[in-house]
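Letter by letter, the chains look like this.
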Amino acid sequence: MPPPRRAALGLLPLLLLLLLPPAPEAANKPTPCQRCRGLVDKFNQGMVDTAKKNFGGGNTAWEEKTLSKYEFSEIRLLEILEGLCESSDFECNQMLEAQEEHLEAWWLQLKNEYPDLFEWFCVKTLKVCCLPGTYGPDCLECQGGSQRPCSGNGHCNGDGSRQGDGSCRCHAGYQGPLCAECMDGYFSSLRNETHSFCTACDESCKTCSGPTNRDCSECEVGWVLEEDACVDVDECAAETPPCSAAQFCKNVNGSYTCEECDSSCVGCTGEGPGNCKECIPGYSRELGQCADVDECSLAEKACVRKNENCYNTPGSYVCVCPDGFEEAEDACVPPAEAEVTEEESPTQPPAHEDL
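Numbers given for residues are sequential positions, taken from 1 along each chain in its written order. Thresholds applied to this predicted model are a pLDDT of at least 70 for local features of residues and 80 or more for the giving and counting of side-chain atom pairs; totals over whole chains, interfaces and linings are not thresholded and use all residues. As a rule here, side-chain values cover all heavy atoms of the structure and leave hydrogens and water aside.

A. Looking closely at the overall build of the chain. Only DSSP runs of H or I reaching four residues or more are called helices, and only runs of E reaching two or more are called strands; each is numbered from the N terminus. Across its full length, the chain holds nine helices and 22 strands. Burial analysis of the chain (355 residues in total) assigns 27% to the buried set. Where accessible areas are quoted, they stem from the Shrake-Rupley method and a 1.4 Å probe; at the residue level, only the protein chains shown are allowed to cover. Summing over all exposed atoms, the chain offers an accessible surface of approximately 24100 Å²; the carbon and sulfur share of this is 53%. With a 1.4 Å probe rolled over the protein chains alone, any residue whose accessible area is under 20% of its type maximum counts as buried; one over 50% counts as exposed, and the rest are partly exposed.

Structure representation (structure tokens):
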């Protein structure tokens, strides 16, 4: 008998949770190797901070004898350990508590034999890290060897950790399993048995054998081969303009841009009111550029109603009655006249009506 449908649906939220990406906090959580390295770095800094303690000058012979005792003492070790973790750093304190005996053993017995605390503690004892140039659970050599992983031109996946697969992530300009080959747009400027250097081609080249536009094997898009060199194509000089009528074309290396004409223009050949083909209504050409026409200063009045004020605006004008005046059909009426007009009877015949 099949299980109830409700029970099957109950598994859906769990499956969705499993498919969700890890929370940012989990993704950014330090790896065991990073925590171990951080602890070692703080321990080494503690050694630096306590190196000259109890040595203040004066009786040199006595202080050197005292300092030599302090240098390898448990007192100094305790001072270093006390400064390793902030009280609020739970993971650091937890790791220190679990590994304190190892650190004490190294300090008191093994420091001379294993002077590199990181290698002894993180790589050989806890086995959470690898030496640089090695990766994975068994600390295998990265591609290209541990001395120059990825030919020195990339990053080994998992380098220095117990993780990763040792593959190379190449730096810009490099490709291939060992990052020893040049990508398109780069050429090999130096190559021998141990080193490979790639240098960027000229911007006009898609592929090249040298640094100039005459060394191109193939031109980049927007460039064309002329007289054994890749030169820029001026798209703006094309028979059919690439930009709209309200724009002008601006050539750039390998391409072009379309820029908006000035607001006073009807079509243009360049930036600003001085490059208009024609001027929009309300503007006229003055001193070689489109300028606003001041309709309010023309001989023929723009505002024809009595008492009306004219105000010029870009490309036009507005007609406005003065403050306190009321608008009528053919005039701006002063306040006193407006009151008289309102008191007149609407049925009163006109004063000059012909009988």
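B. Fine view of helix H8 (residues 117-125). Those residues of H8 that sit buried are Leu 117, Phe 118, Trp 120, Phe 121, Cys 122 and Val 123. Packing partners of the buried residues in H8 comprise helix H4 (32-49) and helix H7 (90-110). Polar contacts here mean pairs of N or O atoms no more than 3.5 Å apart (in protein, one a potential hydrogen donor and the other a potential acceptor; neighbouring residues in sequence count only if both atoms are side-chain atoms). Regarding H8, its N-cap is Asp 116, as a side-chain oxygen of that residue lies 3.1 Å from the backbone nitrogen of Phe 118 further along. After H8 finishes, the residue Lys 127 shows a positive phi value of roughly 55 degrees. Contact criterion: two residues are considered in contact whenever any of their non-hydrogen atoms come within 4.5 Å of each other.

C. Broad picture of the environment of Leu 140. Its location among the elements puts Leu 140 in strand S2 (residues 140-141). Linking Leu 140 and Cys 130, residues ten residues apart in sequence, is a C-alpha distance of 8.7 Å.

D. Spatial organisation of the packing of H4 against H7. The axes used here are C-alpha line fits, helices contributing only the stretch in contact, and every angle between their N-to-C directions lies in the interval 0 to 180 degrees. Running from N to C, H4 and H7 point in directions that differ by 60 degrees, and their axes come no closer than 11 Å. Here H4 is positioned oblique relative to H7, judged by the angle of their axes. In the packing of H4 onto H7, the handedness of the crossing is right-handed. Here H4 contributes Arg 35, Cys 36, Leu 39, Lys 42, Phe 43 and Met 47 to the contact with H7, which in turn contributes Glu 91, Cys 92, Met 95, Leu 103, Trp 106 and Trp 107. Looking at side-chain class alone, the contact of H4 with H7 contains nine nonpolar, no polar and three charged residues. Should an angle lie under 35 degrees it is considered roughly parallel, over 145 roughly antiparallel, and from 65 to 115 roughly perpendicular; all remaining angles are considered oblique. Put simply, a crossing is left-handed when the front helix is turned counterclockwise from the back one by less than a right angle, and right-handed when it is turned clockwise. When residues are sorted by character, Ala, Val, Leu, Ile, Met, Phe, Trp, Tyr, Cys and Pro go into the nonpolar class, Asp, Glu, Lys and Arg into the charged class, and all the rest, Gly among them, into the polar class.

E. Layout of the environment of Glu 113. Summarising the element assignment, Glu 113 is placed in the loop between H7 and H8. Looking at Glu 113, its side chain comes within polar contact range of the side chain of Tyr 114, at 3.3 Å.

F. Inspection of the nonpolar core at higher detail. In this description, a nonpolar core means a group of buried Ala, Val, Leu, Ile, Met, Phe, Trp, Tyr and Cys residues linked to one another through side-chain atoms lying within 4.5 Å. If you look at the biggest cluster of nonpolar residues, it comprises 23 residues, and the most contacted ones within it are Leu 39, Phe 43, Leu 84, Leu 103, Leu 117 and Phe 121. Elements with a contribution of two residues or more to this core: H4, helix H6 (74-82), H7 and H8. If sequence neighbours within four positions are ignored, Leu 39 has contacts with Leu 84, Cys 85, Cys 92, Met 95, Leu 103 and Phe 121.

G. Structural view of the state of the cysteines. In what follows, a disulfide is any cysteine sulfur pair within 2.5 Å. If you walk through the whole model with that rule in mind, you get 19 disulfides. Here Cys 170 pairs with Cys 179 through a disulfide, and the sulfurs are 2.1 Å apart. Residues Cys 170 and Cys 179 are joined by a disulfide whose S-S torsion is about -90 degrees; by sign, that bridge is left-handed. On the basis of relative accessible area, Cys 179 is assigned to the buried category, the value being 0%. Each sulfur in the disulfide pair Cys 236 and Cys 249 lies 1.9 Å from the other. The S-S bond linking Cys 236 to Cys 249 shows a torsion near -70 degrees; that makes this disulfide left-handed. Within this pair, whereas Cys 236 is found in the loop between strand S12 (229-232) and strand S13 (247-252), its partner Cys 249 is found in strand S13, the two being separated by 13 residues in sequence. Taking the relative accessible area as the measure of exposure, Cys 236 reaches 25% and is therefore partly exposed. Among the residues examined, Cys 249 registers a relative accessible area of 22% and is labelled partly exposed.

H. Geometry of H4. Multiplying 1.5 Å by the helix residue count minus one yields the expected span of that helix. In a regular helix each residue adds 1.5 Å, so 18 residues correspond to 26 Å; H4 covers 26 Å between its end C-alpha atoms and thus fits that length. Looking only at H4, the buried set comprises Cys 33, Cys 36, Leu 39, Val 40, Phe 43 and Gly 46. The buried residues of H4 all sit within an arc of 150 degrees when viewed along its axis, so they share a single face. Among the exposed residues of H4, those pointing more than 90 degrees away from its buried face are Val 48 and Asp 49. As used here, the arc belongs to the directions running from the helix axis to the C-beta atoms.

I. Structural context of the packing of aromatic side chains. Within 6.5 Å between ring centres, the rings of Phe, Tyr and Trp (the latter by its six-membered ring) count as paired, and their orientation is classed by plane angle as stacked under 30 degrees, edge-to-face over 60, tilted in between. Per the stated rule, a full pass over the model turns up three aromatic pairs. On the basis of an interplanar angle of 80 degrees and a centroid distance of 5.9 Å, the ring pair of Phe 43 and Trp 106 is categorised as edge-to-face. Within this pair, whereas Phe 43 is found in helix H4, its partner Trp 106 is found in helix H7, the two being separated by 63 residues in sequence. Here the aromatic residues Phe 43, Trp 106 and Trp 107 are joined through ring pairs into a cluster of three or more. Across the ring face of Phe 118, the terminal group of Arg 37 is positioned such that the distance to the ring centre comes to 4.1 Å. Put simply, a charge is over a ring when the Lys NZ or the Arg CZ is close to the ring centre, within 6 Å, and near the line of the ring normal, within 35 degrees. The positively charged end of Lys 111 is found above the aromatic ring belonging to Trp 107, 3.6 Å away from the centroid.

J. Layout of the pattern of salt bridges. The term salt bridge refers to a pairing of a side-chain nitrogen on Lys or Arg with a carboxyl oxygen on Asp or Glu at a separation within 4 Å. By the definition in use, this model includes seven salt bridges. Residues Arg 191 and Glu 181 are paired through a salt bridge, measuring 3.1 Å at the closest nitrogen-oxygen approach. Highlighted residues: Arg 191 in strand S7 (residues 186-191) and Glu 181 in strand S6 (residues 181-182), separated in sequence by ten residues. Residue Arg 191 is classed as partly exposed on the basis of its relative accessible area, which comes to 46%. The exposure class of Glu 181 is partly exposed, given its relative accessible area of 41%.

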